[in-house]
Amino acid sequence: MDNEQQVPADPYSLQLADIDPAIPELFRKQYHWEYFKRLREEDPVHFVEGGEFGPYWSVTRFDDIVFVDTHHDLFSSYPSIGIGVPETDFEPPMFIAMDPPRHDEQRKAVQPVVAPQRLAEMESLIRSRVVEILDSLPVGEPFNWVERVSIELTTRMLATLFDFPFEDRARLTYWSDVSTSGPNVGGMISEQEREAILMECLEYFSRLWKERAEAPPKFDFISMLAHDPATRDMEPIEFLGNLILLIVGGNDTTRNSITGSVLALHENPAQFAKLRADTSLITSMVSEVIRWQTPLGHMRRKATQDVELGGKLIKKGDRVVMWYISGNRDEKAIDNPDDFIIDRANPRHHISFGFGIHRCMGNRLAEMQLRILWEEILQRFARIEVVGEPERVHSNFVMGYTSLPVVLHPV
């Protein structure tokens, strides 16, 4: 796709039937907010017939999204959660794109890595890394926050969760970016190039798998997959699929919420002043950031039977796309949804982590990393000034950033 695709900023200049909210350029240019607002108001269960990703059903209201997400019997995750249909047969199976019982067995194998007790044990490690990263930053001169903080912190965390060779941790970021950059979500990497790079990822991790399988079990993702009866005999391509899922889940979402938190507080100085005056609001601010940012814009399902939703008949086999990024701005579900408000009465009332059996496994870890980061930021810096326009990724799936130029002002 041409990344300079011309799309009108005003959705009301189009016929309702012609609106396709999946065009990646809408998100890069931040036009998508008005498109989703129109769809929520006029056609919340909207059929997109043509375009690059059609035909599919576009679901944009909070309650409708929750219905789809919690009825896995009616809406299957298999074989993919991305909006488009892959150009090749390369579709590594992963448990988020499976239905019970396979989904439940594989998720259960790795769930202990992010269990509450493990998170409590990891807190001091995360804090020490946050301190090290923040204390290495230049004060009073511009730098790219995405590169120096968001990527560095989340990549170190990923290396810990996988017990991955620390000196090679940049590979995790690279593989994460590649895996979410395929054409089926509007990315700029061809399916062939993506496949070649991810097979290199599989080759590297296969060596680690062999080492872990031959050693006693430990609390890292690879060891748990290698030793659990439900996953130890999985095919290499399925191992790759679950690696991609765990890498992206542990990286993209937290990384882009970290960047989004800086941008949101810069754009809302009254909220930042409120936070500085009362640091007990950090926890609710973190939840508000995750809602406001919505790091993953959509998930796709497939109807297992004819289903009526929002007055529309969805036929068996139809693709159904839940737009989390729209549900989080639904005026019927959230008061003043376009405003960034750090002391909302119910800040965890959002859709960013999904619902039902596929609810994000690492949601508490993501919240903890953001909480610790802001606890340490507020001790060091009077403010983080954004000094240039953010650069966003070309995707309808990852609501991410490649650059956010900032200047730090000391306390």
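Computed from a predicted model, the values in this text were never measured in an experiment.

Conventions and cut-offs
Residues numbered from 1 in each chain as written. Predicted model: local features only at pLDDT ≥ 70, side-chain atom pairs only at ≥ 80, totals over all residues. Heavy atoms only, no water. Axes fitted to C-alpha atoms, helices over the stretch in contact; angles between N-to-C directions. Helix = DSSP H or I, 4+ residues; strand = E, 2+ residues; numbered from the N terminus. Parallel < 35°, antiparallel > 145°, perpendicular 65-115°, else oblique. Left-handed = near helix turned anticlockwise from the far one by under 90°. Contact = heavy atoms within 4.5 Å. Nonpolar A, V, L, I, M, F, W, Y, C, P; charged D, E, K, R; others polar. Expected span 1.5 Å × (residues − 1). Bend = angle between axes of the 7 residues up to and from the residue. Buried < 20%, exposed > 50% of the residue type's maximum accessible area, 1.4 Å probe, protein only. Polar contact = N/O pair within 3.5 Å; in protein donor to acceptor, adjacent residues only side chain to side chain. Phe/Tyr/Trp six-rings, centres within 6.5 Å; stacked < 30°, edge-to-face > 60°. Lys NZ or Arg CZ within 6 Å of the ring centre and 35° of its normal.

Considerations on the packing of helix H5 (residues 116-135) against helix H6 (residues 145-162)
- Between H5 and H6, the least distance of the axes is 11 Å, while the angle of their chain directions is 150°. By the angle between their directions, the pair H5 and H6 is classed as roughly antiparallel. Once H5 is placed against H6, the crossing between them reads as right-handed. On the side of H5, the interface is formed by Met 122, Leu 125, Ile 126, Arg 129, Val 130, Glu 132, Ile 133 and Leu 134, while H6 contributes Trp 145, Arg 148, Val 149, Glu 152, Leu 153, Arg 156, Met 157, Thr 160 and Leu 161.
- Considered class by class, the residues forming the contact of H5 with H6 number 11 nonpolar, 1 polar and 5 charged.

Details of H6
- Between its first and last C-alpha atoms H6 spans 25 Å; for 18 residues at 1.5 Å apiece the expected length is 26 Å, and the two agree.
- Roughly 30° is the biggest bend found in H6, and it falls at Ile 151.
- Taking burial as the measure, the 18 residues of H6 include 13 buried ones, the bulk of the element.
- Capping the start of H6, Asn 144 holds a side-chain oxygen 3.0 Å from the backbone nitrogen of Val 146, two or three residues further along.
- Downstream of H6 by one or two residues, Asp 163 has phi in the positive range, about 50°.

Quick word on unusual backbone geometry
- Cis rather than trans, the peptide bond between Gly 54 and Pro 55 has omega equal to -5°.
- Mapped onto the fold, Pro 55 is located in the loop between strand E1 (45-48) and strand E2 (56-59).
- Going from Pro 100 to Pro 101, the amide bond is cis rather than trans, its omega being 5°.
- Counting through the fold element by element, Pro 101 comes out in the loop between strand E3 (75-76) and helix H4 (102-110).
- Backbone geometry places Gln 30, a non-glycine residue, at a positive phi of 65°.
- Mapping Gln 30 onto the fold places it in the loop between helix H1 (24-28) and helix H2 (32-42).
- For Asn 336, which is not glycine, the phi torsion reads 45° and is therefore positive.

Observations concerning the packing of aromatic side chains
- This structure, assessed with the given rule, holds 18 aromatic pairs.
- Ring geometry for Phe 164 versus Trp 175: centroids 6.2 Å apart, planes at 90°, classification edge-to-face. With a gap of 11 residues between them, Phe 164 in the loop between H6 and helix H7 (170-179) and Trp 175 in helix H7 connect regions that are remote in the sequence.
- With relative accessibility at 4%, the residue Phe 164 sits in the buried group.
- Taking relative accessible area as the criterion, Trp 175 reaches 4% and is therefore assigned buried.
- Look at Phe 164 and Tyr 204: their rings are 5.0 Å apart centre to centre, the planes differ by 25°, and that puts the pair in the stacked class. Here the residue Phe 164 occupies a position in the loop between H6 and H7, and Tyr 204 occupies one in helix H8 (residues 191-213), the gap between them amounting to 40 residues.
- Three or more aromatic residues joined by ring pairs form one cluster here, namely Phe 162, Phe 164, Trp 175, Tyr 204, Phe 205 and Phe 221.
- Its guanidinium or amino end placed over the ring of Phe 143, Arg 148 lies 5.9 Å from that ring's centre, counting from NZ or CZ.

Structural measurements only, silent on function.
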